[in-house]
Amino acid sequence: MNKENTTNEFFTDWKYAAAPEGTEHIKLNKQYDLFINGKFVKPNSKKYYTTINPATEEKLAEVADANEKDVDLAVNAAKNAYDKVWKKMPAKERSKYIFRIARLMQERAREFTVIESMNGGKPIRESRDVDVPLAANHFFYYAGWADKLDYAFPNKKPQSLGVAGQIIPWNFPLLMAAWKIAPALATGNTVVLKPAETTPLTALKLAELIRDSGLPDGVVNIVTGFGKTGAAIVNHPKVNKVAFTGSTDVGKLIQKSIAGTNKKATLELGGKAANIIFDDAPIDQAVEGIVNGIFFNQGHVCCAGSRLFVQENVADIVISKLKQRLETLIVGNPLDKNTDIGAINSKEQLQKINEFIKIGIDEGAEMYQSSCSIPSKGFFCKPTLFLHTSQSHRIVQEEIFGPVLAIQTFRTIEEVIEKANNIPYGLSAGVWTDKGSKIFNLTSKLRAGVIWANTYNKFDPSSPFGGYKESGFGREGGLHGLMPYLSF
Ligand code: ADP
């Protein structure tokens, strides 16, 4: 903490000293090729694109843009590895490889952490304490299941499917890769994975780690590119299972394009979670939970608590505490350990968020933003509240995927259930109350895949995650997360 002056302004006029994480230890190539059949190979497309640091707009590397031919090579490598090696390998041997990937990830945690924040814009505190440890834990967890599938599904004779085509978004690049790859390997499938176009670097580092782990060639292939590359994976005839996390629009496209095929699918799509605060809730904890639910990670979370429902008789106190807390949030350099809100992932995403902020104002809601300053370079957005919103507002109905919270009040439990459920999505929700009975009542009536009580955004590899309605179907994590990769 820096003491800015020695007068009695000390308590109001102070700030944290900068605490940036070093980047000297990070080794990034100038150019990254495609990881196919255990090697990095040049793309047939001969095309590369630039990936940047959204906090500085500086170039980080050139990354291959895979075309259909490249995807075909990757899928064939995965199919070959499936038929010749992986399917036949005793499950306990498979499990050793998965375990090794987890251990290597822990050993290289610092490198992954820094690259995740550089390429994605998320605060290092989050990539260090959440993304990377959870990604390693997913590999550990599923390493444990690989040789116990017959116990997990007794008398059902679980069989692997073949090649899993996996497409992931930019909000949790490494963690989403782990969520997809670990259960696929544990169940005996091989993989072609495509990271999001704006955040390919930790997936490519993971490719290096997988190569170093000695995993047999072709068991995991990582191809980079845009939507067209993703579509080529989905439509490839030798892909047996599609696992997708991303927008509801693309999820719908994928569902259409695999209709009538034998491909299995899991889709984890958008969300617009309700965070509900009752008057008997521990208010300070709830306010911290709201902040954690929507502002940390810039609201780049499908399960972000982007709608707040606060019981009318405590609305004034909750909103005033929320405004105070907003003022203390530090927006800026993602590599600084004190930063709460880092950079928005891309210029396009920032534009989309700003459009929604304008829509909110035009719809007549009252906007409140933190008075903090934001860096002039890079893509940043101030934490934003909208008061006096109503169910019909677009900022209440649509996913913004940014640090923007729409607030409504309610009087009765029936009213809040009705309002919370009255959206196309159903991924997650939060309930804050002193009463266990209220929690159970709500959890049985809210149409959401995950409901947190007196906490928010808590994850564990053993807990299944997934949605209802337009938030998708299928579960990832836990025992449930094995099922979409098996036939019975
Ligand atoms: P977001 O809006 O969060 O960026 P998208 O759904 O556009 O989400 O992207 C999620 C992932 O889906 C990315 O890896 C992206 O490249 C990929 N993708 C985009 N369009 C398609 C498509 N038509 N088919 C398959 N994958 C796609």
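Residues numbered from 1 in each chain as written. Predicted model: local features only at pLDDT ≥ 70, side-chain atom pairs only at ≥ 80, totals over all residues. Heavy atoms only, no water.

## Quick look at the overall build of the chain
Selection rule: Labels follow the DSSP assignment, with helices taken as runs of H or I lasting at least four residues and strands as runs of E lasting at least two, numbered in each case from the N terminus. Burial here depends on accessible area, computed with a 1.4 Å probe over protein chains only, as a share of the maximum for the residue type. Under 20% is buried, over 50% is exposed, and the range in between is partly exposed. By definition in these notes, contact holds between two residues if any of their heavy atoms fall within 4.5 Å. The charge count treats Lys and Arg as positive and Asp and Glu as negative. His and the chain ends do not count. Charged groups are reduced to one reference atom each: NZ for lysine, CZ for arginine, CG for aspartic acid, CD for glutamic acid.
For the chain, the count of helices and strands is 15 helices and 24 strands. A total of 488 residues make up the chain; the buried ones form 58% of that total. Residue pairs in contact within the chain that sit at least 24 positions apart in sequence constitute 74% of those at least 6 positions apart. On the chain, the mean spot of the 59 positive side-chain charges and the mean spot of the 52 negative ones are 8 Å from each other.

## Comments concerning the packing of aromatic side chains
The condition that has to hold: The rule is short: rings of Phe, Tyr and Trp, with Trp giving its six-membered ring, pair when the centres are within 6.5 Å, and they are stacked under 30 degrees, edge-to-face over 60, tilted in between. Distance and angle both matter: a charge sits over a ring if NZ of Lys or CZ of Arg is within 6 Å of the ring centre and within 35 degrees of the ring normal.
As enumerated under the stated definition, the model contains 14 aromatic pairs in all. The interplanar angle of 70° and the centroid separation of 5.2 Å between the aromatic rings of Phe99 and Phe140 together place this pair among those described as edge-to-face. Of this pair, Phe99 sits in helix α2 (residues 91-107) while Phe140 sits in helix α4 (residues 124-145); the two residues are 41 residues apart in sequence, bridging distant segments of the chain. Plain terms: the ring middles of Tyr141 and Trp145 are 6.5 Å apart, the flat faces sit at 85° to each other, and that makes the pair edge-to-face. With Tyr141 and Trp145 both in helix α4, this residue pair falls four residues apart, about one helical turn. Of the residues examined, Tyr141 reaches a relative accessible area of 21% and is grouped as partly exposed. Aromatic rings pair up to connect Trp179, Trp452, Tyr456, Phe459 and Phe465 into one cluster. Cation over ring: Lys241 sits above Tyr485, and NZ or CZ is 4.9 Å from the ring centre.

## A word on the pairing of strand β14 (residues 274-277)
Condition: Any two strands are treated as partners once DSSP identifies two or more bridges connecting them. Every crossover in which the path from the first strand over the helix to the second runs clockwise, viewed with the strands pointing away from the viewer, is termed right-handed.
Burial along β14 is two-sided: the residues Ala274 and Ile276 and Asn275 and Ile277 are all buried. One ladder, built from four bridges, connects β14 with strand β15 (residues 307-311); its direction is parallel. Across the sheet, residue Ile277 finds its bridge partner in β15, namely Val310. For the crossover that starts at β14, traverses helix α10 (residues 283-294) and ends in the parallel β15, the hand is right-handed. Bridge count between β14 and strand β20 (residues 428-432): four bridges; the pairing is parallel.

## Brief notes about the site of the ligand
Operational definition: Here a residue counts as near a molecule or strand whenever at least one of its heavy atoms sits within 4 Å of it. Residues adjacent in sequence count toward polar contacts only when both atoms are side-chain atoms; beyond that, a polar contact is any pair of N or O atoms within 3.5 Å, and within protein one must be able to donate a hydrogen and the other to accept it. All accessibility values rest on the Shrake-Rupley procedure with a 1.4 Å probe; residue burial counts only the protein chains present in the view. Each residue is assigned to one of three groups, with Ala, Val, Leu, Ile, Met, Phe, Trp, Tyr, Cys and Pro labelled nonpolar, Asp, Glu, Lys and Arg labelled charged, and all others, Gly among them, labelled polar.
Around the ligand, the structure places 17 residues, and the nearest of them are Ile168, Trp170, Lys194, Glu197 and Ser247. At 3.0 Å from an oxygen atom of the ligand is found a side-chain nitrogen or oxygen belonging to Trp170. Between a nitrogen atom of the ligand and a main-chain N or O atom of Ala231, the distance comes to 3.4 Å. When the ligand sits alone it has 560 Å² of accessible area, and the protein chains cover 78% of it. Elements supplying a minimum of two residues to the shell around the ligand: α8 (227-235), β12 (241-245) and α9 (248-258). In terms of residues, the shell around the ligand owes the most to one element, α8, which gives three residues. Here the residues of the shell around the ligand sort into 10 nonpolar, five polar and two charged.

## Some thoughts on α10
Using the following cut-off: Multiplying 1.5 Å by the residue count of a helix minus one yields the expected span of that helix.
The first and last C-alpha atoms of α10 sit 17 Å apart over 12 residues, in line with the 16 Å expected at 1.5 Å per residue. Within the sequence span of α10, burial applies to Ile283, Ala286, Val287, Gly289, Ile290, Val291, Gly293 and Ile294. Packing partners of the buried residues in α10 comprise β14, β15, α11 (315-328), β18 (404-410) and β20.

## Observations regarding the pairing of strand β10 (residues 190-194)
Consecutive side chains of a regular strand alternate in pointing toward one face of the sheet and then the other. Summarising burial for β10: five of the five residues are buried, a large majority. Of the two faces of β10, the one carrying Thr190, Val192 and Lys194 and the one carrying Val191 and Leu193 are both buried. Taken together, the five bridges between strand β9 (residues 163-167) and β10 define a ladder with parallel strand orientation. Counted as the bridge partner of Val163 is Thr190 from β10. Handedness of the crossover joining β9 and β10 through helix α6 (residues 173-186) is recorded here as right-handed. In terms of strand pairing, β10 meets strand β11 (residues 220-222) through three bridges, oriented parallel. Residue pairing in the sheet places Val192 in a bridge with Asn221 of β11. On the question of chirality, the crossover connecting β10 to the parallel β11 by way of helix α7 (residues 201-213) is right-handed.

## What to know about the domain arrangement of the chain
How big an interface is tends to be stated in terms of accessible area lost as the parts join. Rules: The start and end points of each domain follow an automatic or database-based domain assignment. Once two parts are brought into contact, the accessible area they lose, counted with a 1.4 Å probe and summed over both, makes up the buried area. Salt bridges are identified by distance alone: a Lys or Arg side-chain nitrogen within 4 Å of an Asp or Glu carboxyl oxygen.
The assigned domain composition of the chain is domain 1 (31-269 + 471-487) and domain 2 (274-460). Here the C-alpha centre of domain 2 lies 30 Å away from the C-alpha centre of domain 1. Of the residues lining the interface, 29 residues belong to domain 1; the matching set on domain 2 comes to 31 residues. Buried surface at the junction of domain 1 and domain 2, summed over both partners, amounts to about 2,400 Å²; 59% is from carbon and sulfur atoms. Looking at the side of domain 1 facing domain 2, the largest losses of area belong to Arg125, Trp170 and Ser471, adding up to 23% of the total buried there. The interface formed by domain 1 and domain 2 holds one salt bridge in total. On inspection of domain 1 and its partner domain 2, the count reaches 11 residue pairs in polar contact (both at pLDDT 80 or more). Looking at the side of domain 1 that touches domain 2, the elements with two or more residues in it are α3 (109-120) and α4. Here the residues of the side of domain 1 that touches domain 2 sort into 12 nonpolar, 10 polar and seven charged.

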